Structure formats: structure tokens, C-alpha cells
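Working through the structure, step by step
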Amino acid sequence: MPQYVLPDLEYDFGALEPHISGQIMELHHGKHHKAYVEKANETLQKLEEARAQKDFSRLAGLERSLAFNLSGHVLHSVFWKNLMPKGGDAPSGELARAISRDYGSFEAFKAQMSEVAATIMGSGWAALVWEPLAQRLLTCQIYDHQSNLSQSGIPLMVIDAWEHAYYLQYKNVKTEFFKAVWNLWNWNDVSARFESARKLDVLLPETAQPAGATR
Ligand SMILES: [Fe+2]
């Protein structure tokens, strides 16, 4: 059976300091993210056992566990690659043009994305996603790891707004953490995700009218 795997970070735990402490990174990657990977694999194993035993009495709970843990794995994997030491600044090229088209300006996008993170009630994520029906960028507020997502959206850039992402360093002033991550964005990674996501055709014609499209 295929297994999900915890990816190595492409930088040292302390490489994102002073914006994110090495202690947070070590716990966040080595404990929290690792647990999502292990639980996703465990849940798939339990689903296999349920099929073998023809006993689907716990199916709803297992599906919920799979969505939670697999989404946690995907979002953390994107987040690590979205960040880099001495990152930040602003994107260029096609991604910059798409942000200007869909948000008016980079500054307006930054303000909205930060507010999406800051206003999550409880645990969750802020995400910039590519929405392939209307072929546009959207921000979304994801509760836990899996709720409130548009089904067609592909995450390009995410901010972990769970307390475990900032509390040891920023305590209750989470908005300071959401400011600090803007010093770490790896825009080459976000642009590469954007270019890859734009190639997806979800085969749902007539469901939206993309900007600039003619009918
Ligand atoms: Fe996290």
C-alpha cells in the first residue's frame, strides 16, 4: 500500500530565525507534522482492515480522520516549501500579474491574506489557492486542516495559524507572527506552484467565465 512520508526540510531548523525560532520549527516538523503523516497512514490501514472484515461501522470517523490528517500533511508540506531563509519581498512575473489582476495590488493582497490568517476562529490556515473554474486566485480560511475549502482550489501559499506554529515565540500576539512570515516567502516556490496549478483542467466547462474570456 502507498505510504505518506514526512519530507525533510530544505533548510536547518534555525534557518528561519529570528522570524520563526528553531525550537518551534523542530517541534512543528518533527512532532506535529510527523503525527499527521503517521495518523494518515494508520487511518488507511484501518480502512483496509474494515474492507477486509466487511465492517464499515466506523467508516464516518475514519473518513474524518483521513481528511484531517492527510490535509494536515499536504498543508504542512506546502508551508515548508513556501518559506526560505532571507525570503520575503514580493513576487514577480505571471504570479505578480495575477495578484494585481485579482486583488488590485500586492499590498491589498498582503493585507487580505494577513487578515484571513488573523481572523480564523480556533485552529486553521490562511491559504492562497488557484481556482481553476474561474481561473483566478482566491484566499480561503481553512478550519482545522480540511474544512471551508473550495473543492476545486489548489493551495499555492499557506500560513499555519494553529497555536503550535507561533505560541512558544509570539504567545498571544499572533498578528506579529503573521507579519513576520512576510520576511520568509519563497516566491519562486509559490510561482512554480502557480504555473503548475494553472495547467489543471477540471473538465467543467460552462461553470464560470474567467476574466478576459470570450463566449
Ligand atoms: Fe502546523
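Further up the page is the structure itself.
Treat the numbers as computed from the prediction; the structure is a model and nothing was measured. (Residues numbered from 1 in each chain as written. Predicted model: local features only at pLDDT ≥ 70, side-chain atom pairs only at ≥ 80, totals over all residues. Heavy atoms only, no water.)

In total, this model carries eight salt bridges according to the counting rule given. With a closest N to O distance of 2.4 Å, Glu-10 and Lys-81 form a salt bridge. You can see Glu-10 sitting in the segment before α1 (22-53) and its partner Lys-81 sitting in helix α2 (residues 59-82), a full 71 residues away along the chain. The exposure class of Glu-10 is exposed, given its relative accessible area of 61%. Among the salt bridges present, the one from Arg-198 reaches Glu-94, with a minimum N-O distance of 3.6 Å. With Arg-198 in the segment after α7 (187-197) and Glu-94 in helix α3 (residues 93-103), this residue pair connects regions lying 104 residues apart in the sequence. Residue classification places Glu-94 among the partly exposed residues on the basis of a relative accessible area of 34%. (Salt bridge = Lys/Arg side-chain N within 4 Å of Asp/Glu carboxyl O. Helix = DSSP H or I, 4+ residues; strand = E, 2+ residues; numbered from the N terminus. Buried < 20%, exposed > 50% of the residue type's maximum accessible area, 1.4 Å probe, protein only.)

Let's shift gears to α3. Those residues of α3 lying buried are Leu-95, Ala-96, Ala-98, Ile-99, Asp-102 and Tyr-103. The buried residues of α3 all sit within an arc of 160° when viewed along its axis, so they share a single face. Elements in contact with the buried residues of α3: α4 (106-118), β1 (124-131), β2 (136-143) and α7. Where α3 ends, the next residue or the one after it, Gly-104, has phi of about 95°, a positive value. (Arc of directions from axis to C-beta. Contact = heavy atoms within 4.5 Å.)

Here the focus is the coordination of the iron ion. The coordination sphere of the iron ion contains the protein donors His-28 (NE2), His-76 (NE2), Asp-160 (OD) and His-164 (NE2), at a distance range of 1.9 to 2.2 Å. All donors of the iron ion come from a single chain, and their spacing in sequence reads H-x47-H-x83-D-x3-H. Taken together, the residues span a long stretch of sequence, with His-28 in helix α1 and His-164 in the loop between β3 (154-160) and α5 (167-170) at a distance of 136 residues. (Donors = N, O, S within 2.8 Å, 3.2 Å for Na, K, Ca; no water.)

Bringing α4 into the picture now. Given 3.6 residues per helical turn, the α-helix brings residues three or four places apart onto the same face. With 13 residues, α4 should cover 18 Å at 1.5 Å per step; its first-to-last C-alpha distance of 18 Å lies within 8% of that length. Taken together, the buried positions of α4 are Phe-106, Phe-109, Met-113, Ser-114, Val-116 and Ala-117. Looking down the long axis of α4, one finds its buried residues gathered within 155° of arc, a one-sided arrangement. Looking at the buried positions of α4, the neighbouring elements they touch are α3, β1, β2, β3, α6 (174-180) and α7. (Expected span 1.5 Å × (residues − 1).)

It is the contact of α2 with α7, at a shortest axis distance of 8 Å, that shows an interaxial angle of 130°. The angle between α2 and α7 places the two elements in the oblique class. Here Val-78, Lys-81 and Asn-82 of α2 come into contact with α7, specifically with Asp-189, Val-190 and Arg-193. Its residues placed into classes, the contact of α2 with α7 shows two nonpolar, one polar and three charged. (Axes fitted to C-alpha atoms, helices over the stretch in contact; angles between N-to-C directions. Parallel < 35°, antiparallel > 145°, perpendicular 65-115°, else oblique. Nonpolar A, V, L, I, M, F, W, Y, C, P; charged D, E, K, R; others polar.)

The next subject is the sheet that holds β2. In spatial order, the strands read β2-β1-β3; together these three strands make up an open sheet with antiparallel pairing. Edge positions in the sheet fall to β2 and β3, since each has one partner strand and no second. On average, each strand axis in the sheet is inclined to that of its neighbour by 25°, with strand direction left out of account. Where β1 lies against β2, eight bridges are found, and the strand directions are antiparallel. In the sheet register, Val-129 faces β2, and the bridge partner there is Leu-138. Here α2 sits on the sheet in contact with β1, β2 and β3, set at roughly 80° to β3. In the packing of α3 onto the sheet, the strands contacted are β1 and β2, and the crossing angle to β2 comes to about 80°. (Pairing = 2+ DSSP bridges.)

So, on to the side chain of Asp-189. Within the secondary structure, Asp-189 sits in helix α7. At 2.9 Å, the side chain of Asp-189 forms a polar contact with the side chain of Asn-82. A distance of 2.9 Å separates polar atoms of two side chains, one belonging to Asp-189 and the other to Arg-193. Every residue in contact with Asp-189, bar those within four places of it in the chain, is listed here: Lys-81 and Asn-82. (Polar contact = N/O pair within 3.5 Å; in protein donor to acceptor, adjacent residues only side chain to side chain.)

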